[in-house]
Amino acid sequence: KNIAIFASGTGSNAQKIIDHFRNTGLARVTVILSNKAEAGIFKIAEREQIPAVLIDKEQFFRGDTYVKLLQDLDTDLVVLAGFLWKVPANLVQAFPNRIINIHPALLPKFGGKGMYGHFVHEAVLAAGETESGITIHYVNEKYDDGGVILQERCPVTADDTPETLARKVQVLEHRWFPLIVERLLK
Ligand code: GRF
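Residues numbered from 1 in each chain as written. Predicted model: local features only at pLDDT ≥ 70, side-chain atom pairs only at ≥ 80, totals over all residues.

Caption draft 1: Here's a closer look at the overall build of the protein. In terms of helices and strands, the protein carries seven helices and seven strands. N-terminal to C-terminal, the α/β element order of the protein is β-α-β-α-β-α-α-β-α-β-α-β-β-α. The C-alpha radius of gyration of the protein comes to 16 Å, within 12% of the 16 Å expected for a compact globule of 186 residues. Once the C-alpha set of the protein is aligned to its principal axes, its extents read approximately 50 × 35 × 30 Å. Per-residue burial for the protein yields a buried fraction of 33% across its 186 residues. (Helix = DSSP H or I, 4+ residues; strand = E, 2+ residues; numbered from the N terminus. Rg over C-alpha atoms; globule rule 2.2 N^0.38 Å. Buried ≥ 20, exposed ≤ 12 C-beta atoms within 10 Å, placed from the backbone.)

Here is the structure:
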């Protein structure tokens, strides 16, 4: 089975997925796509010898370039791991229920445009929540809106800062994301 990863952050989740499938041999990451030339993911791709593609914005939103690329690679699952652009309709339709995303909070709360990274954890703390966590969900044409596949929780404590909460949530992401990708490929 073939996995394509879209990632524009540090790439820590992408790295966990790459490691998991290298270790198990159950599937492979065939391509990594990113819209940020300076993203950590390009270094990871180079080290792991996985082809990496810098996404052209115009092509992404108006063309079929990336749909075709993913189809040509016989992609079974498209994984968004820190990818902040909305996925265009043609891509969603080409891979129905085969595009997933991870969000660092318990959707439907703390989702939507602008809710990423530290903004999410700041909002969770400002709202006085007693728990946060992760949501892995299918991707449709709206932000953070598709069907939920998995949620895992962690406590929010009085001494939490956005940094400490981010760390707790990241532990959940790294533990669960590779396993859910594996489950969906079966
Ligand atoms: C993760 O927190 C994920 O939930 C969000 O973007 C972040 C990516 O982090 N969608 P990394 O680049 O995998 O470290």
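Caption draft 2: Seen up close, the site of the ligand. Taken together, 13 residues sit near the ligand, with G9, S12, N13, G82 and P104 positioned nearest. Taken together, the elements giving at least two residues each to the shell around the ligand come down to helix 1 (12-24) and strand 5 (99-103). If you tally residues by element for the shell around the ligand, the top one is helix 1, at three residues. Grouping the constituent residues of the shell around the ligand by class yields five nonpolar, seven polar and one charged. (Near = placed C-beta within 6 Å. Nonpolar A, V, L, I, M, F, W, Y, C, P; charged D, E, K, R; others polar.)

Caption draft 3: Region of the structure containing the environment of I32. Examined against the element boundaries, I32 turns out to sit in strand 2 (residues 28-34). I32 gets classed as buried once you count the C-beta atoms within 10 Å, which come to 26. Taking the C-alpha atoms as reference points, I32 and K186, separated by 154 residues in sequence, lie 21 Å from one another. Apart from the residues within four sequence positions on either side, I32 is in contact with I5, A7, A14, I41, A45, I50 and A52. (Contact = placed C-beta atoms within 7 Å.)

Caption draft 4: The UniProt feature "site: Raises pKa of active site His" (unreviewed entry) in the protein, seen in detail. As recorded in UniProt, the sites labelled "site: Raises pKa of active site His" (unreviewed entry) are D144. Looking at the element boundaries, D144 is found in the loop between strand 6 (131-138) and strand 7 (148-155). With 19 C-beta atoms counted inside 10 Å, the residue D144 sits in the partly exposed group. (UniProt positions renumbered as here; feature names shortened; annotations may be inferred.)

Caption draft 5: A look at helix 2 (residues 41-48). Along helix 2, the residues classified as buried are I41, I44 and A45. Taken around the axis of helix 2, the buried residues stretch over an arc of 100°, which confines them to a single face. Residues of helix 2 that are exposed and point over 90 degrees away from its buried face: E46 and R47. Buried residues along helix 2 sit in contact with helix 1, strand 2 and strand 3 (52-54). (Arc of directions from axis to C-beta.)

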